[in-house]
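Remarks on the overall topology
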Amino acid sequence: MKPIYCWPLLVLWLLCVPKAHAQKYLTRDGVVTFFSTSILEDIEARTEQVAALVDLNSNQVAFTIPIKSFQFKRTLMQEHFNENYMESGRFPKSSFSGRILDLNMEALQKGGSQRVTVEGDITIHGVTKHVQVPGALELQKGSLLVHAYFSVAPADYNIEIPLLVRENIAKIVGIRLALSCEPIAQLSLTK
Amino acid sequence: MLHFYKPTPSRWGFMLLLAGLAWTRTACAQDDLLTQLESQETKPTKTELVDATFKSTRLISGHTVQTPGQGTMVFLISHRFGTLNSGAYNFFGLDQATLRLGFEYGLTDRLTAGVGRSSLEKTFDGFLKYKALRQTTGLHAMPVSVTLFASSALNSLKYSDTYEHTLPRRLAYTYQALIARKFSSDLSLQLMPTLVHSNLVATAQEHNDVYALGFGGRQKLTKRTSLNAEYYYLLPAGKPTGVRNALALGVDLETGGHVFQLHVTNSQGMIEKFFVSGTRGNFFNGDLYFGFNVNRNFTIRPKQGFRK
C-alpha cells in the first residue's frame, strides 16, 4: 500500500472516531451557589462562571471556579470574602477533580435523572481534600445536566474566622452546583 | 486469514502511525481532566477589578478612592479629642472633643453622595464622589484607581461682629482627585491633589484658593489591621499664614461590619476645609489630637438577584 492510499483512510478514521466517542461534555457558565445560615445572618453567594468537563468514557469529572466571580448580596461581604477569608489574590481558583463511581450509561441514555456518587479531590483556599459527594446526572436534548449538593467546613480548608464574627458564619457551608454541559468532540479538545 | 496483509515497509509505517495515534489518544484519555480543562481556559481574556484598596472610605481625615458600593450606606462617627500637650488639667485633651457625624450612600457602585455635620464651627458638609477609573488586572489592565471628589461646607456659627455673614460667605468648596494604586494585597498608596476654595477669608492678604498635594497610604499588618499615614503638603502659592501641613498616623481595625480607625493628627477638623487649609498644630511640638473614626456599613438595597 502506497502512503497516498493511507490518507483517505486516516481522515475517515479521524472523522469517525470522535463521533462515536462524543462522550465529553463541557461548560463555561455553570452555576454554583453557597449558603451559610446562622442565627445572626444568612450569607448567600452565587457565580455563573464555573468551567466543567465531564468525560462519560472514563467517568472523570473536573471543574474550576474563579473565586472572585462570586456575587454577594452585600458589597462588604464580598470584599471580606475575597480579602479576608478566601484570599482570592493568592488562591484565585477552587477546583475539583474526580471520578463518578457508579455510572450506569444505559440508564443515563434512556433518560431521567440518575443519582451518582463522585469521589475526588476538592481544592479550596489552597487546601486539597479527598471527598465523596452525591450528585445527579441527566441527559437532556443532547446536553448533560449535572446537579450536586454538598457541604464543606471552612475550618477544614484553613479558612480562619475571627472570634468576633464567629456567630455570623456557619460551621458548615452548603454548596449547590448546577451545570448544563454541551457535548464536545474529543479532537476539538486536544487541539 | 491475514496472510494478504503482509507488512511491507510502507504498511509498517502506516501501522506505526496508527499505533502512535492510538497511543496518544489513550494517553490523552488518561490525562488528568482538570489539566485539560485548565488548558481550555483562554487565560487573559478577563479584566478583573482590584478591590479593597483601602478598608474604609477614609484614609484618616481625608477620603480614599473607596466608595461604599450600590445600595450601601455608611454611618461614620469621627471624633478628635483636644491636644495631648494641653496638660493633665485637661486630661491630655480628653476633656475636649470635636465630633463629626456623617452618612454616605452608594447611589451606584461608582457614585456616592454624603452629608455630615461637624461640631467645629457648626459646619454642615455635603459631597459627591465618583470613581472615574478603577484599577484592573487582566486584559485591559489599568494601573491606578482615580476617584473624583467635590464637597461644599457651610459654616453655621452665629456671629456677633458687624460684618454680614451671608450664605455665600459661609461656604467653602473642596475639589480633589484621589489617585491610588494597590501595589500588593498589603500596600496601597494614594496621591491627592487638592484645591480648597473659601468664599470668605480672614484678611485681604490671604488667598481664597489653597492648593495642596496629599500623600497617603496603608500597610496591612495582619488581615484585619493596617497602619495608615496621610500628609497634605500645602503649595507655597496661596498658603495661608500660620497654617501647617497636616500629618496624621493611624491604625485601622476591621471587624465584621465595622471599621475602627484610631489616629493622631495635628489637625482638629475632619473635613478638607479644616485639615487642608486650617491645620495649626505642630505635630512635633506635641499639638497632637488623638481621635477615631467608626465606620458602620448598612445594606439598604441588596444587590439584585438576592432575596430579602
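What you are looking at is a predicted structure, and each value in this text was computed from that prediction instead of being measured. (Residues numbered from 1 in each chain as written. Chains lettered and ligands numbered in written order. Predicted model: local features only at pLDDT ≥ 70, side-chain atom pairs only at ≥ 80, totals over all residues. Heavy atoms only, no water.)

It is worth spelling out the pattern of salt bridges at this point. Once the charged atoms of two side chains with opposite charge are near each other, the side chains can pair. This structure, assessed with the given rule, holds 10 salt bridges over all chains. Two residues, K68 of chain A and E48 of chain B, come together in a salt bridge whose shortest N-O distance is 3.9 Å. One end of the pair, K68 of chain A, is in the loop between β3 (60-66) and β4 (71-72); the other, E48 of chain B, is in strand β1 (residues 47-49), on a second chain. Linking K220 of chain B and E83 of chain A is a salt bridge whose minimum nitrogen-to-oxygen distance equals 2.9 Å. (Salt bridge = Lys/Arg side-chain N within 4 Å of Asp/Glu carboxyl O. Helix = DSSP H or I, 4+ residues; strand = E, 2+ residues; numbered from the N terminus.)

Before going further, it helps to examine the sheet that holds strand β9 (residues 187-198) of chain B. All names here are of chain B. Within the closed barrel, the 12 strands sit side by side as β2-β3-β4-β5-β7-β8-β9-β10-β11-β12-β13-β14. Their pairing is antiparallel. Along the sheet, successive strands turn relative to each other by an average axial angle of 20°, direction set aside. Across 9 bridges, the pairing between strand β8 (residues 171-182) and β9 is antiparallel. Paired with Y173 across the bridge in β9 is H197. (Pairing = 2+ DSSP bridges. Axes fitted to C-alpha atoms, helices over the stretch in contact; angles between N-to-C directions.)

Among soluble globular proteins, nonpolar side chains are generally buried collectively. In terms of nonpolar packing, the biggest core is built from 46 residues, with V54, F70 and I100 of chain A touching the most fellow members. Among all residues touching I100 of chain A, those that are not within four sequence positions of it are V54, L56, N59, V61, V116, T117, V118 and L137 of chain A. By size, the runner-up hydrophobic cluster in this structure holds 17 residues, among which are V65, F127, M192 and F275 of chain B. (Core = buried A, V, L, I, M, F, W, Y, C linked by side-chain atoms within 4.5 Å. Buried < 20%, exposed > 50% of the residue type's maximum accessible area, 1.4 Å probe, protein only. Contact = heavy atoms within 4.5 Å.)

Residue and element names in this part refer to chain A. With 11 of 11 residues buried, helix α2 (residues 75-85) is to be regarded as a mostly interior element. Those residues of α2 that fall on the buried side of the exposure criterion are T75, L76, M77, Q78, E79, H80, F81, N82, E83, N84 and Y85. Looking one or two places after α2, you find E87, whose phi comes out positive at around 45°.

Residue and element names in this part refer to chain A. Inspection of the secondary structure puts G112 in the loop between α3 (105-110) and β6 (114-124). According to the relative accessible area criterion, G112 is partly exposed, its value standing at 35%. In sequence terms G112 and G89 are 23 residues apart; their C-alpha atoms lie 41 Å from each other.

Here the UniProt-annotated "domain: DUF5777" (unreviewed entry) positions come out as residues 54-298 of chain B. Across residues 54-298 of chain B, helical content stands at 2% and strand content at 52%; the span's end C-alpha atoms are separated by 18 Å. (UniProt positions renumbered as here; feature names shortened; annotations may be inferred.)

Aromatic ring pairs: the centre-centre distance and the angle between the two ring planes describe each pair. Enumeration according to the criterion identifies 12 aromatic pairs over all chains in this entry. Measuring from centroid to centroid gives 5.7 Å for F70 of chain A and F81 of chain A, while their planes differ by 80°, and the two rings are edge-to-face. Of this pair, F70 of chain A sits in the loop between β3 and β4 while F81 of chain A is found in helix α2, placing the two residues 11 residues apart along the sequence. Across the pair, exposure class does not vary: F70 of chain A and F81 of chain A are buried alike. When the ring of F127 of chain B is compared with that of F149 of chain B, the centres are 5.5 Å apart and the planes differ by 40°; the resulting orientation is tilted. (Phe/Tyr/Trp six-rings, centres within 6.5 Å; stacked < 30°, edge-to-face > 60°.)

Phi at E87 of chain A is positive, roughly 45°, even though this residue is not glycine. Mapped onto the fold, E87 of chain A is located in the loop between α2 and β5 (93-100). The phi torsion at F92 of chain B lies on the positive side, around 50°, for a residue other than glycine. Checked against the element boundaries, F92 of chain B lands in the loop between β2 (72-83) and β3 (97-106). Judged by relative accessible area, F92 of chain B falls into the partly exposed class, the value being 44%.

The next thing to look at is the confidence of the model for chain B. All names here are of chain B. Residue-level pLDDT values for chain B average 87, and 87% of them are 70 or greater. Low confidence marks residues 25-30, where pLDDT is under 50. Its contacts with residues over four positions away, or in another chain, come to 8 contacts. Taken together, the chains of this predicted complex give a pTM of 0.80 and an interface ipTM of 0.74. (pLDDT = per-residue confidence, 0-100.)

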